[in-house]
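Okay, here's what each chain looks like letter by letter:
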Amino acid sequence: MISIRVNGETRLVPENLTLASLVDTLKLPVDRVAVELNLSIVPRNRWGETMIEEGDRLEIVHFVGGGCGNPYRERPAAGSGASPSRTTMATSRGQSLRWA
């Protein structure tokens, strides 16, 4: 077993584990998460070849759909700073980050 940190929490995981296997083990929806490994975003198409190593630090965010409610309402003017929809990212610790 090796020790890694996932979203700030220490976890023991088996050696020779790929990032894809870790995401699967954590039962995360592959199509709605992004993974940062040691301060670098790992593209989803490289998860299967990316090995998890002792001391790695991962941040995994889960995307939660947002929306504007009524898609036919008036849209804000471009450049006004307003946004017709928002996307929320929630970490596995239950925190949410809003992007305007």
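Here we summarise the structure given alongside this text. Position numbers for residues count from 1 along each chain, tracking the sequence in the order it is written. With pLDDT at 70 or above as the cut-off, local features in this predicted model cover only qualifying residues; side-chain atom pairs require 80 or more to be listed or tallied, and sums for whole chains, interfaces and linings still use all residues. Water and hydrogen atoms play no part in the side-chain values, which are based on all heavy atoms of the structure.

**Considerations on the overall build of the protein**
- Each helix corresponds to a stretch of at least 4 residues labelled H or I by DSSP, and each strand to a stretch of at least 2 residues labelled E; elements are numbered beginning at the N terminus. Along its length, the protein carries one helix and seven strands.
- The order of α-helices and β-strands along the protein, N terminus first, is β-β-α-β-β-β-β-β.
- Within the span of the protein, comprising 100 residues, buried residues form 25% of the whole.
- Relative to all contacts within the protein whose residues are 6 or more apart in sequence, the contacts with residues 24 or more apart total 50%.
- Accessibility throughout is a Shrake-Rupley quantity obtained with a 1.4 Å probe, and a residue counts as covered only by protein chains that appear here. With the model as given, the accessible surface of the protein reaches about 6900 Å², and the carbon-plus-sulfur share is 50%. Relative accessibility under 20% of the residue-type maximum defines a buried residue, over 50% an exposed one, and the middle range a partly exposed one, all with a 1.4 Å probe and only protein chains included. Contact definition: two residues touch when any of their heavy atoms are within 4.5 Å.

**Focus on the nonpolar core**
- Ile4, Leu19, Leu22, Ile52 and Leu58 are the most contacted members of the largest nonpolar core, which totals 16 residues.
- Only β1 (2-6), α1 (19-25), β3 (33-37) and β5 (57-64) provide two or more residues apiece to this core.
- Once you skip the residues sitting within four places of it in the chain, Leu58 turns out to touch Ile4, Arg5, Val6, Asn7, Leu19, Leu22, Val35, Glu36, Leu37 and Ile52. By nonpolar core is meant a set of buried Ala, Val, Leu, Ile, Met, Phe, Trp, Tyr and Cys residues that side-chain atoms within 4.5 Å join together.

**Some words on the pattern of salt bridges**
- Definition used for salt bridges: Asp or Glu carboxyl oxygen within 4 Å of a side-chain nitrogen of Lys or Arg. Per the counting criterion, the structure on display carries one salt bridge.
- Note that Glu49 and Arg46 form a salt bridge whose closest N and O atoms lie 3.2 Å from each other.
- Look at Glu49 and you get exposed, because its relative accessible area is 54%.
- Residue Arg46 is classed as partly exposed on the basis of its relative accessible area of 43%.

**Examining the environment of Leu12**
- Within the fold, Leu12 resides in strand β2 (residues 9-13).
- Sequence separation between Leu12 and Met1 is eleven residues, and the spatial gap between their C-alpha atoms is 6.0 Å.
- Each residue touching Leu12, except ones within four places of it in the same chain, is listed here: Met1, Ile2 and Ser3.

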